[in-house]
Amino acid sequence: MAQEFSDESQQALATFFTERVQLDERSQLLSPSNLIEPWIRHCAACDIPRNETKSYSVGGIILGDNMIYDPYPLCLCGDCEEEIQSLLSQQTLGVWDDFIQTNFDCPPGQYRDLPTKGRPALL
Ligand SMILES: [Zn+2]
C-alpha cells in the first residue's frame, strides 16, 4: 500500500522518521527479555512520556505469536500524529482512507475524537 502514497508523502514520512525518531537509541532497548513497555514508554518522535499524553497510538509488527523488534513497537503521541497527518498529500490521505474503509469494519463515529481528524494514525 505504501507504494500508492505520493512521492511527496513518502519523502515527508521518511524525513519525519529519520529526523525525529532516534533509531540508534531505540536499538539499545533490545534485550533478551523482549519487554514491550520500554519501547512504548515515550513518544518515539518527541519523547513525551506516554502517560502524560492526551492521546497516543501504538504500532508494531507481529508475525504469528512473535513481536518483531527495532524500531517497533513504538508509540506516537496525538500531537505527533497530527503533525504526520499534516505532511501527507491529499492523494495519500485518500489512499489511506480507502484502505481503512476496505479493511476495517468500525462502528460509525469510532474515530470522531481522534486528534488526526477522524483518521487512524499512520505509523
Ligand atoms: Zn510526540
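Residues numbered from 1 in each chain as written. Predicted model: local features only at pLDDT ≥ 70, side-chain atom pairs only at ≥ 80, totals over all residues.

1. A word on the nonpolar core
Reasoning step 1: Counting residues in hydrophobic clusters, the biggest one holds 11 residues: Trp-39, Cys-43, Ala-44, Ala-45, Tyr-56, Leu-74, Cys-75, Leu-76, Cys-77, Cys-80 and Ile-84.
Reasoning step 2: Counting residues per element, this core draws most heavily on strand β4 (residues 74–77), at four residues.
Reasoning step 3: Leaving out residues up to four positions away in the same chain, Cys-43 has contacts with Ile-48, Arg-50, Thr-53, Tyr-56, Cys-75, Leu-76, Cys-77 and Cys-80. (Core = buried A, V, L, I, M, F, W, Y, C linked by C-beta atoms within 7 Å. Buried ≥ 20, exposed ≤ 12 C-beta atoms within 10 Å, placed from the backbone. Helix = DSSP H or I, 4+ residues; strand = E, 2+ residues; numbered from the N terminus. Contact = placed C-beta atoms within 7 Å.)

2. A word on the environment of Cys-46
Reasoning step 1: Take Cys-46: it is sitting in the loop between α3 (37–40) and β1 (56–59).
Reasoning step 2: Placed 34 residues apart in sequence, Cys-46 and Cys-80 show a C-alpha to C-alpha distance of 7.4 Å.

3. A closer look at the confidence of the model for the protein chain
The predicted coordinates of low-pLDDT regions are not to be read in fine detail.
Reasoning step 1: On average, residues of the protein chain carry a pLDDT of 88, and 85% of them reach 70 or more.
Reasoning step 2: By mean pLDDT, the top-scoring element of the protein chain is β4 (96), and the lowest-scoring one is helix α5 (residues 90–103) (87). (pLDDT = per-residue confidence, 0-100.)

4. Remarks on unusual backbone geometry
Reasoning step 1: Cis geometry is found at the peptide bond from Asp-70 to Pro-71, where omega equals 10°.
Reasoning step 2: Its location among the elements puts Pro-71 in the loop between β3 (66–68) and β4.
Reasoning step 3: The amide bond that connects Tyr-72 to the next residue, Pro-73, takes the cis arrangement and shows omega of -5°.
Reasoning step 4: Mapping Pro-73 onto the fold places it in the loop between β3 and β4.

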